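In case you want the letters, here they are:
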Amino acid sequence: MNLTNQNEIQALLARHGFRFSKSMGQNFLIADWVPRQLAEAAEVDERTGVLEIGPGLGCLTARLSERAGKVLAVELDKSLRPVLAETLEGRENVELLFGDVLKQDIPALVAEHLGGLRPVVCANLPYNVTSPVLSALLRAGCFETITVMVQREVAKRLCAKAGAPDYGAFGILVQWLSEPEILFEVPPGCFLPQPKVTSAIIRLRRRTEPPAAVRDEELLFHMIRAAFNQRRKTLPNALAAGLGIHREQAEQALQNAGFDTRIRGESVDLVGFAKICDELSKILSADL
């Protein structure tokens, strides 16, 4: 069966009485080159254990199974169970798990199902859960690479640098934990049904160490979120409102780190945020 042939896909879905779910953000690939290049971009070989999220009809799963030692595919939609049983029949290195990946202990899941293999993620992510899934995967800290398809605008945000219009809190978190790279774009016509946006393949390569040393990483993440929750405010005002501290404390931290107190968060890079965080940590500790 050709899992990227639109006629065969429609016959398959009709045979099993499947209906697309908008709430799950289901868009199935119908262009053969996309899963092939996505599997190649994930650098998968026989020593690799792949976690795939949202296998859909299994076209990417099938490509990954041809390369990987094992593929663990986690699917939320249980109505796809009979579909995947048919499309992935005979692929002994594929294991299907039906459930919500966000409710899983991801490191434990990897240890149990992909133990002894080099763990990576490769997936066509449902667009409605991109941010929470990527956050969970990165924080799990057990994947060498995460290669996924997301909306092009999201991919740009994840790679944006300080001063760019797309620069924001989630992109900074991603760049703190990994080195993101946009590999190629995928037009809407490659999907059934067609989305209204262009997609992009992005690879996040896990950092072996953060881009800068920092005393309190959790404070750093809280500080970055506060900085972008109120983008129009100067950084001291945003930090005061978001962290529940005095503006004077925030201003002192910026001055100690060598920044103008009129600066906004969108102008501060990763290393700059780490410097400000360290100075703020010292000030807050001294004031206890």
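This write-up is about the structure you can find in this document. (Residues numbered from 1 in each chain as written. Predicted model: local features only at pLDDT ≥ 70, side-chain atom pairs only at ≥ 80, totals over all residues. Heavy atoms only, no water.)

So, the sheet that holds strand β3 (residues 70-75)
1) Next: Strand order in the open sheet made by the seven strands is β4-β3-β2-β5-β6-β9-β7, with mixed pairing throughout. Each having just a single partner strand, β4 (94-98) and β7 (178-186) make up the two edges of the open sheet. Here the strands of the sheet are splayed against their neighbours by 20 degrees on average, with no regard to which way each runs.
2) Next: In this sheet, β3 lies alongside strand β2 (residues 48-53) in parallel orientation, the contact comprising five bridges. What sits directly across from L51, in β3, is L72. (Pairing = 2+ DSSP bridges. Helix = DSSP H or I, 4+ residues; strand = E, 2+ residues; numbered from the N terminus. Axes fitted to C-alpha atoms, helices over the stretch in contact; angles between N-to-C directions.)

Overview of the nonpolar core
1) Next: With 60 residues, the main nonpolar core has L51, L137, F143, I146, V148 and F273 as its most contacted residues.
2) Next: Take this core: its biggest share by element is eight residues, from helix α9 (residues 217-229).
3) Next: Those residues within four positions of V148 in sequence are excluded, and the remaining contacts are V121, A123, L125, L134, A200, I201 and I202.
4) Next: Counting 37 residues, the second-largest nonpolar core is a separate cluster that includes L13, L29, L80 and C190. (Core = buried A, V, L, I, M, F, W, Y, C linked by side-chain atoms within 4.5 Å. Buried < 20%, exposed > 50% of the residue type's maximum accessible area, 1.4 Å probe, protein only. Contact = heavy atoms within 4.5 Å.)

Some words on unusual backbone geometry
1) Next: Here L192 and P193 are connected by a cis peptide whose omega angle stands at -10 degrees.
2) Next: Turning to its location among the elements, P193 is positioned in the loop between β8 (191-192) and β9 (199-206).
3) Next: Positive phi values are uncommon outside glycine, yet E43 reaches one of about 55 degrees.
4) Next: Note on placement: E43 falls in the loop between α2 (33-41) and β2.

Here we look at the packing of aromatic side chains
For any two aromatic rings, the description comes down to two numbers: the centre-to-centre distance and the angle of the planes.
1) Next: Across all of its chains, the model carries six aromatic pairs by this definition.
2) Next: Ring centres 5.9 Å apart and planes at 50 degrees place the aromatic pair W33 and F184 in the tilted group. Placement of the pair is W33 in helix α2 and F184 in strand β7, with a sequence separation of 151 residues.
3) Next: Taking the centre distance of 6.2 Å and the plane angle of 50 degrees together, the rings of F228 and F273 count as tilted. (Phe/Tyr/Trp six-rings, centres within 6.5 Å; stacked < 30°, edge-to-face > 60°.)

Remember, this is a structural readout, not a statement about activity or role.
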